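Observations on chain architecture
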2 protein chains.
Amino acid sequence: MGLIPNLLHMNPRKPSGIKEIARLAKVSIGTVDRVLHNRKGVAASTRARVLRIIEQTGYTKNITASRLKLASTHRIRIAILIPEISEPWSYWRLQQNGIEKAAAELKELGVTVAYFYFDVNKPADFRKKWQKIRTADFQAVVTVPFLKKAVTQLLEEAEVHHVQVVFLDTERPLLGKACFIRQNSYDAGRVAGRLLYGLVGEQGHYLVVNLLRDAKIQINCQQREEGFRSFFKENAPHLLPQLHTLNHPLNTDELLAGVLEPFVKPERPLGIFVSSARAFMVAGALRHFPHSKTFLAGFDLNQQNIACLKKGEIHFIIHQKPEYQGYTAVKSIYNHLVHEEAPAVKVDIPIEIIVKENLPSYIHREWA
Amino acid sequence: MGLIPNLLHMNPRKPSGIKEIARLAKVSIGTVDRVLHNRKGVAASTRARVLRIIEQTGYTKNITASRLKLASTHRIRIAILIPEISEPWSYWRLQQNGIEKAAAELKELGVTVAYFYFDVNKPADFRKKWQKIRTADFQAVVTVPFLKKAVTQLLEEAEVHHVQVVFLDTERPLLGKACFIRQNSYDAGRVAGRLLYGLVGEQGHYLVVNLLRDAKIQINCQQREEGFRSFFKENAPHLLPQLHTLNHPLNTDELLAGVLEPFVKPERPLGIFVSSARAFMVAGALRHFPHSKTFLAGFDLNQQNIACLKKGEIHFIIHQKPEYQGYTAVKSIYNHLVHEEAPAVKVDIPIEIIVKENLPSYIHREWA
DNA sequence: TTTTTGAGTGTTAACGTTCACGGCGTGAAT
DNA sequence: ATTCACGCCGTGAACGTTAACACTCAAAAA
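Residues numbered from 1 in each chain as written. Chains lettered and ligands numbered in written order. Predicted model: local features only at pLDDT ≥ 70, side-chain atom pairs only at ≥ 80, totals over all residues. Heavy atoms only, no water.

1. Digging into the nonpolar core
- Ranked by internal contacts, the top residues of the largest apolar core, which has 50 residues, are Phe 232 of chain A together with Phe 232 of chain B.
- Each residue touching Phe 232 of chain B, except ones within four places of it in the same chain, is listed here: Gly 193, Tyr 197, Tyr 206, Pro 237, Leu 239, Leu 240 and Leu 243 of chain B. (Core = buried A, V, L, I, M, F, W, Y, C linked by side-chain atoms within 4.5 Å. Buried < 20%, exposed > 50% of the residue type's maximum accessible area, 1.4 Å probe, protein only. Contact = heavy atoms within 4.5 Å.)

Right under this line is the structure:
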């Protein structure tokens, strides 16, 4: 340890980075810095010379050093504008966990995130919170595209104020060049079609169950159903007469089991695609028909779905990786702001298929 | 931009980090540094006082600043000891792509990786390359546990020389506390069992195809078969008589189609599980039996398998995410060496299921 | 002619961490 | 009494980047 003299200190390494560029271009580091940041105050000839050296040496700036310097003065501020988190295991809580993990990693690089929660039923609340964000110079905002008109306004104002917008979990055809982190719902529906068709086969019937909140269907669920139907249209069009849809309001008095009864026949297999995260409710209702040959596919690894998967009551779950979405949103924004040549944030979350047997490899592990 | 005076420069922020600790403990930053690095030369009372302050303030060192300083003197050197890469699309090439991506990200933090390739058929070559690594002070080595005896020796010597070892793609029961990045082959086989059973059902027959290189079965393939069989043992033991194994040497003169023929009967469905990355070969052979009801599952998203998946000749692919494995190996080593409290590297790659419909979400996307 | 401007430069002090070096003391050896 | 050793601690120069500030000339304004 102490026996070997420290050779590195005897022959100092030749400087790399901006200092080396300055030496080669016969200017000071100040000038190189001005060129790199496109600041004025550099003669055209000097600028060209410096740029040539930068080109030739393939210089890239040391982001570690840059962020170390900037962390104290020019922080990167990201606003998170998401629906109020009611249940402790809600989808947005998971997204937020991912966001917080990213924030922790980026903290010492001068990145801060601030949360703003809005009431999904009140567009005015969304607008109000956005105005707070807009007037508080954030570089970026991560939000959801639920409230169509309010979001359109947000996009326009964000463009004017140079605030980067990233949508989580969006499906709405996005105006302009908005960024997003989402899973393709249409394709996810197609995957569910493939999986249930494989299990149920030609002799069976099929049912799409949309569980409605406030009597209206979510856009995600709608697109998933379209994808599901498109699979059959392309691969087994003769089965379309056997493919039905059940829209069932969650806040109804009717029991789900009762509504399902006409579809469940002991003599023929039934494939049920639940377009939302509540497949476990359908699984519960199906316990009234113990001798039916029913196969169930749905979304999201919440605790109830996991339990049903383990018991064999749900056969396939499609995972949306909410934590990963949140994590990726923040990380991508950072990368985009820091490496200027980095592409805009457009991430398609893979459509991951969970069955009973690969569940452990998903829940016993870090998700990032 | 220039209109607002820079307030941050007028009221300087109170220092954070080591300086603040020093101020509170009424010592210099040198002493704090000595305490943080457990170096001698600090009075016991002073050390206790500093440690108390560190505890109270919840100080954590700024790794950005630390690496900036250390990058020039104490680089983190990682050796990669993997089989020679023959084919351009080989599995190890993909792993190496992931490694290189991680290396690029960590370059400015003073991390360097060096590659050593060995001939998988020559344990002596493996040993020779390892000796080169051992004598060249690397902090860590990423390798594969193929050659049992040579690897045991490596592990012992690495422990003595404080070289961290991380195995890629391992299944061998690992001696001691070795680290790994792998997919659980047994569980992957079980997943394949679930998927094929779902498609083929009770009336079908099942076949495990092990494609042998040099007449011997790879340990991965063996464990996958065990997992596959265990699924049927648990879920459909009555089908075990209908479950056969075919070990087929790749360098034989016999045609695969000929060997498969006795198993393929037009009247009954057949589920084939190929335990390696060459399911496309079985798919090719099956083209001789166009009217058979055959279902095929295998591993890895190589180009031939992808083509078969798109054509519907292969029904399920299990993805091992080789690029992600390589990336994770290097990143995890870095995190472990840099955050001393970080856990040892033990990563289970999730068993990801690919069908025709979710393939696009896997191949049109960054894997990290 | 002298002063003033300002465009084009160089200089320097940070950001938080690291570590060699040197400078105090106190106690032991000469 | 003078030297030497050594435990304990502070100082300062880096790492590469940033940006305010200071300086130097020219040409334009007085």
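That covers the picture; the talk isn't over yet.
2. Digging into the protein's contact with DNA strand D
- Near DNA strand D, the surroundings consist of 29 residues, among which Ile 18 and Tyr 59 of chain A together with Ser 28, Ala 43 and Thr 46 of chain B are the closest.
- The separation between a phosphate oxygen of DNA strand D and a polar side-chain atom of Arg 39 of chain A is 3.1 Å.
- Contact distances for DNA strand D include 2.7 Å between a phosphate oxygen and a backbone N or O atom of Ser 28 of chain B.
- Counting residues per element, the ones that place at least two in the surface near DNA strand D are α2 (18-25), α3 (29-36) and α5 (63-70) of chain A together with α3 (29-36) and α5 (63-70) of chain B. (Near = heavy atom within 4 Å. Polar contact = N/O pair within 3.5 Å; in protein donor to acceptor, adjacent residues only side chain to side chain. Helix = DSSP H or I, 4+ residues; strand = E, 2+ residues; numbered from the N terminus.)

3. Focus: the domain arrangement of chain A
- Parsing chain A into structural domains produces domain 1 (15-59), domain 2 (76-183 + 322-349) and domain 3 (185-319).
- Centre-to-centre, using C-alpha coordinates, domain 1 of chain A lies 62 Å away from domain 3 of chain A. (Domains from an automatic or database assignment.)

4. Structural notes on the side chain of Asp 119 of chain B
- Its place among the elements puts Asp 119 of chain B in the loop between β2 (111-118) and α7 (123-134).
- If we ignore the near neighbours within four places in the chain, the residues touching Asp 119 of chain B are Glu 84 and Asp 125 of chain B.

5. Digging into the relation of the copies chain B and chain A
- Each copy superposes on the other: chain B lies on chain A with an RMSD of 0.0 Å after a rotation of 180° and an axial shift of 0.0 Å. The operation mapping one copy onto its partner corresponds to a two-fold rotation axis.
- In this assembly, 100% of the residues forming the interface of chain B have copies in chain A that are likewise at the interface, indicating an isologous arrangement. (Least-squares fit on C-alpha atoms with pLDDT ≥ 70 in both.)

6. Description of helix α9 (residues 185-200) of chain B
All names here are of chain B.
- An ideal rise of 1.5 Å per residue puts 22 Å on 16 residues; α9 measures up with 22 Å between its terminal C-alpha atoms.
- The element α9 is extensively covered by neighbouring structure, given that 13 of its 16 residues are classed as buried.
- Its side-chain oxygen placed 3.1 Å from the backbone nitrogen of Tyr 186, Asn 184 serves as the N-cap of α9.
- With its phi angle positive at about 80°, Gly 201 sits one or two positions after the end of α9. (Expected span 1.5 Å × (residues − 1).)

7. Section: the interface of chain B and chain A
- Contact residues are listed per partner, giving 36 residues for chain B and 36 residues for chain A.
- Between chain B and chain A lies a buried interface of about 3,300 Å² when both sides are counted; carbon and sulfur atoms form 55% of it.
- The tally of links from chain B across to chain A stands at 2 salt bridges.
- A salt bridge links Glu 357 of chain B to Arg 194 of chain A; the shortest N-O distance between them is 2.9 Å.
- On the surface where chain B and chain A come into contact, there are 10 residue pairs in polar contact (both at pLDDT 80 or more).
- In terms of residue count, α9 of chain B provides more of the side of chain B that touches chain A than any other element does, 6 residues in total.
- A class-by-class count of the residues in the side of chain B that touches chain A yields 18 nonpolar, 7 polar and 11 charged. (Buried area = accessible area lost by both parts, 1.4 Å probe. Salt bridge = Lys/Arg side-chain N within 4 Å of Asp/Glu carboxyl O. Nonpolar A, V, L, I, M, F, W, Y, C, P; charged D, E, K, R; others polar.)

8. As for the protein's contact with DNA strand C
- As a matter of local geometry, DNA strand C sits amid 30 residues, with Ser 28, Gly 41 and Thr 46 of chain A together with Ile 18 and Tyr 59 of chain B nearest to it.
- Looking at DNA strand C alone, sugar and phosphate atoms form 59% of those within 4 Å of the protein.
- Within the backbone of Lys 69 of chain A, one N or O atom sits 3.3 Å away from a base oxygen of DNA strand C.
- Take Asn 62 of chain B: an N or O atom from its main chain is 3.2 Å from a phosphate oxygen of DNA strand C.
- Every element with two or more residues in the surface near DNA strand C is listed here: α3 and α5 of chain A together with α2 (18-25), α3 and α5 of chain B.
- Counted by class, the surface near DNA strand C contains 10 nonpolar, 13 polar and 7 charged residues.

9. Some points on unusual backbone geometry
- The backbone phi angle of Asp 137 of chain B is positive, close to 30°, even though this residue is not glycine.
- By the secondary structure assignment, Asp 137 of chain B is in the loop between α7 and β3 (140-143).

10. Here's the deal with the confidence of the model for chain A
- Model confidence for chain A is summarised by a mean pLDDT of 90, while 92% of its residues fall at 70 or above.
- Confidence drops under a pLDDT of 50 for residues 1-12 of chain A, and excluding neighbours within four residues, the segment shows 2 contacts in the predicted structure. (pLDDT = per-residue confidence, 0-100.)

11. Description of the packing of helix α7 (residues 123-134) of chain A against helix α8 (residues 148-160) of chain A
All names here are of chain A.
- The contact between α7 and α8 brings their axes to 10 Å, and the two run at 10°. Classed by the angle they form, the pair α7 and α8 counts as roughly parallel. Note on packing geometry: the crossing formed by α7 with α8 is right-handed. Across the interface between the two elements, Phe 126, Arg 127, Trp 130, Gln 131 and Arg 134 of α7 pack against Lys 149, Ala 150, Val 151, Gln 153, Leu 154, Glu 157 and Ala 158 of α8.
- The class makeup of the residues in the contact of α7 with α8 is 6 nonpolar, 2 polar and 4 charged. (Axes fitted to C-alpha atoms, helices over the stretch in contact; angles between N-to-C directions. Parallel < 35°, antiparallel > 145°, perpendicular 65-115°, else oblique. Left-handed = near helix turned anticlockwise from the far one by under 90°.)

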